Amino acid sequence: MKELLRDKLKAAKELKEFTEKIMSLSLKTEYDKVNSMIDQRKLFIEKINSINEKLNDYPTETNETKEIKKEIRTIFKEISDMDNQIRKNINAELKDVKKNLSRPDQSQSINIQA
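Sequence order sets the numbering: in each chain, residues are counted from 1 along the sequence as written. Where totals are concerned, whole chains, interfaces and linings use all residues; where local detail is concerned, this predicted model gives features only for residues with pLDDT of at least 70, and gives and counts side-chain atom pairs only at 80 or more. To obtain the side-chain values, all non-hydrogen atoms of the structure were used and water was disregarded.

Novice: Let's hear about the overall build of the protein: which residues, and what values?
Specialist: The helix and strand tally for the protein stands at three helices and zero strands. With the radius of gyration taken over C-alpha atoms, the globule rule is written as 2.2 Å times the number of residues to the power 0.38. For 114 residues, the compact-globule estimate of 2.2 N^0.38 gives 13 Å, and the C-alpha radius of gyration of the protein, at 22 Å, exceeds that figure by more than 25%. Reported as C-alpha extents along the three principal axes, the dimensions of the protein are approximately 90 × 20 × 20 Å. With a 1.4 Å probe rolled over the protein chains alone, any residue whose accessible area is under 20% of its type maximum counts as buried; one over 50% counts as exposed, and the rest are partly exposed. Expressed as a percentage of its 114 residues, the buried residues of the protein come to 24%. Here, two residues are considered to be in contact whenever any of their heavy atoms come within 4.5 Å of each other. Within the protein, contacts between residues at least 6 apart in sequence are counted, and of these 82% link residues at least 24 apart. Entry remark: accessible area of the protein is about 8900 Å², with carbon and sulfur atoms responsible for 49%. For this count, His and the chain ends are skipped, Lys and Arg are scored as positive, and Asp and Glu as negative. Here the site of a charge means atom NZ of a Lys, CZ of an Arg, CG of an Asp or CD of a Glu. Where the 24 positive side-chain charges of the protein centre and where its 21 negative ones centre are 3 Å apart. Note on conventions: DSSP H or I runs of at least 4 residues are helices, E runs of at least 2 residues are strands, and numbering of each starts at the N terminus. We get accessible surface area from the Shrake-Rupley algorithm with a probe of 1.4 Å; when it comes to residues, only the shown protein chains can shield them.

Novice: Pulling in residues and values, what's your account of the pattern of salt bridges?
Specialist: Here a salt bridge means any side-chain nitrogen of Lys or Arg lying within 4 Å of a carboxyl oxygen belonging to Asp or Glu. In this structure the tally under the stated criterion is nine salt bridges. Close ionic contact of E78 with K16 constitutes a salt bridge, the shortest N to O distance being 2.5 Å. Taken together, the positions of E78 in helix 3 (residues 63-102) and K16 in helix 1 (residues 2-24) put the pair 62 residues apart, joining distant regions of the chain. E78 sits in the partly exposed class, given a relative accessible area of 31%. Here R41 makes a salt bridge to D83, at a shortest N to O gap of 3.0 Å.

Novice: I'd like a description of the packing of aromatic side chains, backed by residues and values.
Specialist: To pair, rings of Phe, Tyr and Trp, with the six-membered ring standing in for Trp, must have centres within 6.5 Å; the planes then decide the type, stacked if under 30 degrees apart, edge-to-face if over 60, and tilted in the middle. As enumerated under the stated definition, the model contains one aromatic pair in all. Pairing F18 with F44 gives two aromatic rings, centres 5.1 Å apart and planes at 40 degrees, and the pair type is tilted. Note that F18 is positioned in helix 1 and F44 in helix 2 (residues 31-55), a separation of 26 residues in sequence. Under the relative-accessibility criterion, F18 is labelled buried at 12%.

Novice: Break down the side chain of D83 for me, citing the residues and quoting the values.
Specialist: Along the chain, D83 turns up in helix 3. The exposure class of D83 is buried, given its relative accessible area of 16%. Looking at D83, its side chain comes within polar contact range of the side chain of R41, at 3.0 Å. Discounting chain neighbours no more than four positions away, the residues touching D83 are T19 and R41. Think of a polar contact as two N or O atoms within 3.5 Å of one another; within protein, one of them needs to be a possible hydrogen donor and the other a possible acceptor, and neighboring residues in sequence only count if both atoms come from side chains.

Novice: Could you give an account of the environment of S26, with specific residues and numbers?
Specialist: With respect to the secondary-structure elements, S26 resides in the loop between helix 1 and helix 2. Here S26 falls in the partly exposed class, since its relative accessible area comes to 30%. In the structure, S26 is positioned 63 residues away from N89 in sequence and 9.3 Å away in space, judged by C-alpha atoms.

Novice: Help me get a handle on helix 3, residues and values and all.
Specialist: An α-helix turns once every 3.6 residues. As a result, residues three or four positions apart point the same way. If you check helix 3, its first and last C-alpha atoms are 58 Å apart, about what 40 residues at 1.5 Å a residue would give, namely 58 Å. Check the buried side of helix 3 and you find it contacts helix 1 and helix 2. To estimate how far a helix should extend, the number of its residues minus one is multiplied by 1.5 Å.

Here is the structure:
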C-alpha cells in the first residue's frame, strides 16, 4: 500500500507541475498549446485513477500512509486552486472575445481639409 501511495504522490506532483506549466502560458497567444495540454492532463488523471482503484484493495492504514495521504490531499488542493484560476482566465478571455465580436466595425476615418 505504501508503494502505491508513493506512486500516487509522484503522479500528483507531476500533475501539479504540468498544471503550473499550463498556467504560465498566455491564452491570447498560445491558446492551441493550452488546449492540447489540457487534453494531455487527462492522461495524468487517468493514471491517478488507476492507482486509486488498486488502493481500494488495502483497507488498513499506518501512520506513514496517513502522512502520505495528507501530502497528496495538499497537492490536490493546490491543483484545484490552479484549475480554478485557469477556468477564470478562460472565462475572462471568452468575455473579451464576445465583447469584441459584438461591437460594430469601428473603423476610424480621418477628415483632411485642403
